[in-house]
Amino acid sequence: MYSVNALHPVKTATLALQKQNLTIGDFYAIWLKSTHGLNANGSILAKKIKSLMDKRIQENYLSNSTFLAAIFVDPRYQCLLTPEQQQIAITRLVETWETLLLLKNKDSPIDEFPETTANDKSTIESTIESSQDSTDPFEDFLSSQASLTSNSSASSLTVTSESILNILNGFKNVERISYTADVLQYWKTRQLTDPELYQLASIVLAVPATQVSVERSFSGLKFVVSDLRTSLDPELLEAIMLELDIYDR
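Just so you know, these numbers come straight off a predicted model, no measurement behind them. (Residues numbered from 1 in each chain as written. Predicted model: local features only at pLDDT ≥ 70, side-chain atom pairs only at ≥ 80, totals over all residues. Heavy atoms only, no water.)

1. Looking at the overall build of the chain
Line of reasoning, step 1. Looking only at helices and strands, one finds 13 helices and zero strands in the chain.
Line of reasoning, step 2. Sequence-ordered secondary structure for the chain, helices as α and strands as β, is α-α-α-α-α-α-α-α-α-α-α-α-α.
Line of reasoning, step 3. For the chain, the proportion of its 249 residues judged to be buried stands at 28%.
Line of reasoning, step 4. For the chain, the proportion of contacts with a sequence separation of at least 24, taken over those separated by at least 6, is 69%. (Helix = DSSP H or I, 4+ residues; strand = E, 2+ residues; numbered from the N terminus. Buried < 20%, exposed > 50% of the residue type's maximum accessible area, 1.4 Å probe, protein only. Contact = heavy atoms within 4.5 Å.)

As structure tokens, this is what we get:
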């Protein structure tokens, strides 16, 4: 009886891991719930399974800097990291930020336009001002959105590696939120107040925790590319698969 019950936490975890779009934090929580269930069972089989799961999570996941970075920016589970693991996560996030800065500098547009004279500048400014009708509600909406975007992006793009390190250190021991909370929604509400952390969280939380979404996409491919549709243009096929993936969500 105990041997059969020992498999229940594993079965529950297996079913939970079939969900799409799990974050690494979601994956970690499912894993921990399973090991806690095995520990509560107390049977020889349960202890053996738990021992193997503990070994695997330690060797394959908790030694991975990207995995730790995703847990660090997840206020539901950051409290589970040791100080050493937090430091590894911060180092990985700083490296990610440095990569973003390099990409930004690489993609910065080069000014290839002819030099603008003072008269030209005055003419352009007067034209822009005259085209911005303050009584137009849609123009007001666009102006407000542009202001929000410029404020959030400008602060992010000018933050150095040293500054982002200080910001990340300030996020240590963040107040825990319920494990049932939506971590993506949590960061969405902080997009304007913590733009740098939001940008980093958007990257590491996008790392797929499982291959479920990929496998389902491949499985769905056979319904799109049939014997009668073998000549689909690759770009069209990609667009169809992307649309199906969005629809499934």
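2. Some thoughts on the packing of aromatic side chains
Line of reasoning, step 1. A complete count under the given rule lists nine aromatic pairs for this structure.
Line of reasoning, step 2. On the basis of an interplanar angle of 65° and a centroid distance of 5.9 Å, the ring pair of phenylalanine 72 and phenylalanine 171 is categorised as edge-to-face. Remark: phenylalanine 171 occurs in the loop between helix H9 (161-170) and helix H10 (183-188) and phenylalanine 72 occurs in helix H5 (residues 65-72); sequence separation between them is 99 residues. Note on accessibility: phenylalanine 72 and phenylalanine 171 belong to one class, buried.
Line of reasoning, step 3. Put simply, the rings of Phe27, Tyr28, Trp31, Tyr61 and Phe67 touch in pairs and so form one group of aromatic residues.
Line of reasoning, step 4. Over the aromatic face of tryptophan 187 sits the side chain of arginine 190, whose NZ or CZ is 5.6 Å from the ring centroid. (Phe/Tyr/Trp six-rings, centres within 6.5 Å; stacked < 30°, edge-to-face > 60°. Lys NZ or Arg CZ within 6 Å of the ring centre and 35° of its normal.)

3. A word on the environment of isoleucine 167
Line of reasoning, step 1. Inspection of the secondary structure puts isoleucine 167 in helix H9.
Line of reasoning, step 2. Each C-alpha atom of the pair isoleucine 167 and aspartate 194 lies 9.2 Å from the other, and the pair is 27 residues apart in sequence.
Line of reasoning, step 3. If we ignore the near neighbours within four places in the chain, the residues touching isoleucine 167 are Val159, Glu196 and Leu197.

4. Some words on the nonpolar core
Buried together is how nonpolar side chains tend to be arranged in soluble globular proteins.
Line of reasoning, step 1. The biggest cluster of nonpolar side chains holds 45 residues, and the ones touching the most others in it are Phe72, Val73, Leu93, Leu168 and Trp187.
Line of reasoning, step 2. Residue assignment for this core shows that the elements contributing at least two residues are helix H2 (8-16), helix H3 (24-41), helix H4 (44-61), H5, helix H6 (83-107), H9, H10 and helix H11 (195-204).
Line of reasoning, step 3. Broken down by element, this core gets its largest block of residues, seven residues, from H3. (Core = buried A, V, L, I, M, F, W, Y, C linked by side-chain atoms within 4.5 Å.)

5. Focus on the pattern of salt bridges
Pairs can form between side chains of opposite charge whenever their charged atoms are close.
Line of reasoning, step 1. In total, this model carries five salt bridges according to the counting rule given.
Line of reasoning, step 2. One salt bridge in this structure joins aspartate 26 and arginine 76, with 3.0 Å as the shortest N-O distance. Note that aspartate 26 is positioned in helix H3 and arginine 76 in the loop between H5 and H6, a separation of 50 residues in sequence. Neither residue differs from the other here; aspartate 26 and arginine 76 are each classed as buried.
Line of reasoning, step 3. Across the pair arginine 190 and aspartate 194 runs a salt bridge, and its minimum N-O distance is 3.0 Å.
Line of reasoning, step 4. Of the residues examined, arginine 190 reaches a relative accessible area of 23% and is grouped as partly exposed.
Line of reasoning, step 5. Sharing partners across several salt bridges, the network here consists of Asp26, Asp74 and Arg76. (Salt bridge = Lys/Arg side-chain N within 4 Å of Asp/Glu carboxyl O.)

6. Some remarks on the side chain of threonine 96
Line of reasoning, step 1. With respect to the helices, strands and loops of the structure, threonine 96 is situated in helix H6.
Line of reasoning, step 2. Those residues in contact with threonine 96 that lie beyond four places of it in its chain are Leu200 and Ile203.

7. Quick word on H5
Line of reasoning, step 1. Within H5, six of the eight residues are buried, which leaves the element mostly enclosed by the surrounding structure.
Line of reasoning, step 2. Buried within H5 are the following residues: Phe67, Leu68, Ala69, Ala70, Ile71 and Phe72.
Line of reasoning, step 3. With a side-chain oxygen positioned 2.9 Å from the backbone nitrogen of threonine 66, the residue opening H5 is asparagine 64. (Polar contact = N/O pair within 3.5 Å; in protein donor to acceptor, adjacent residues only side chain to side chain.)

8. With respect to the packing of H3 against H5
Any two packed helices are characterised by how steeply their axes cross, that is the angle between the axes, and by the distance between the axes.
Line of reasoning, step 1. Packing of H3 against H5 brings their axes to within 8 Å, and their N-to-C directions diverge by 95°. Of the possible angle classes, the one that applies to H3 and H5 is roughly perpendicular. Residue-level contacts link Ile24, Gly25, Phe27 and Tyr28 of H3 to Thr66, Phe67, Ala70 and Ile71 of H5.
Line of reasoning, step 2. Grouping the amino acids of the contact of H3 with H5 by side-chain chemistry returns six nonpolar, two polar and no charged. (Axes fitted to C-alpha atoms, helices over the stretch in contact; angles between N-to-C directions. Parallel < 35°, antiparallel > 145°, perpendicular 65-115°, else oblique. Nonpolar A, V, L, I, M, F, W, Y, C, P; charged D, E, K, R; others polar.)

9. What about unusual backbone geometry?
For residues besides glycine, phi is generally negative; the peptide bonds are generally trans as well.
Line of reasoning, step 1. Of note, the phi angle at asparagine 173 is positive, near 55°, even though the residue is not glycine.
Line of reasoning, step 2. Residue class for asparagine 173 comes out exposed when judged on its relative accessible area of 64%.

10. Re the packing of H2 against H3
Line of reasoning, step 1. Viewed as axis vectors pointing N to C, H2 and H3 meet at an angle of 170°, and their least axial separation amounts to 8 Å. Considered as vectors, H2 and H3 are oriented roughly antiparallel to each other. Taking contact as the criterion, the partners of Pro9, Val10, Ala13 and Ala16 in H2 are, on H3, Ile30, Ser34, Gly37 and Leu38.

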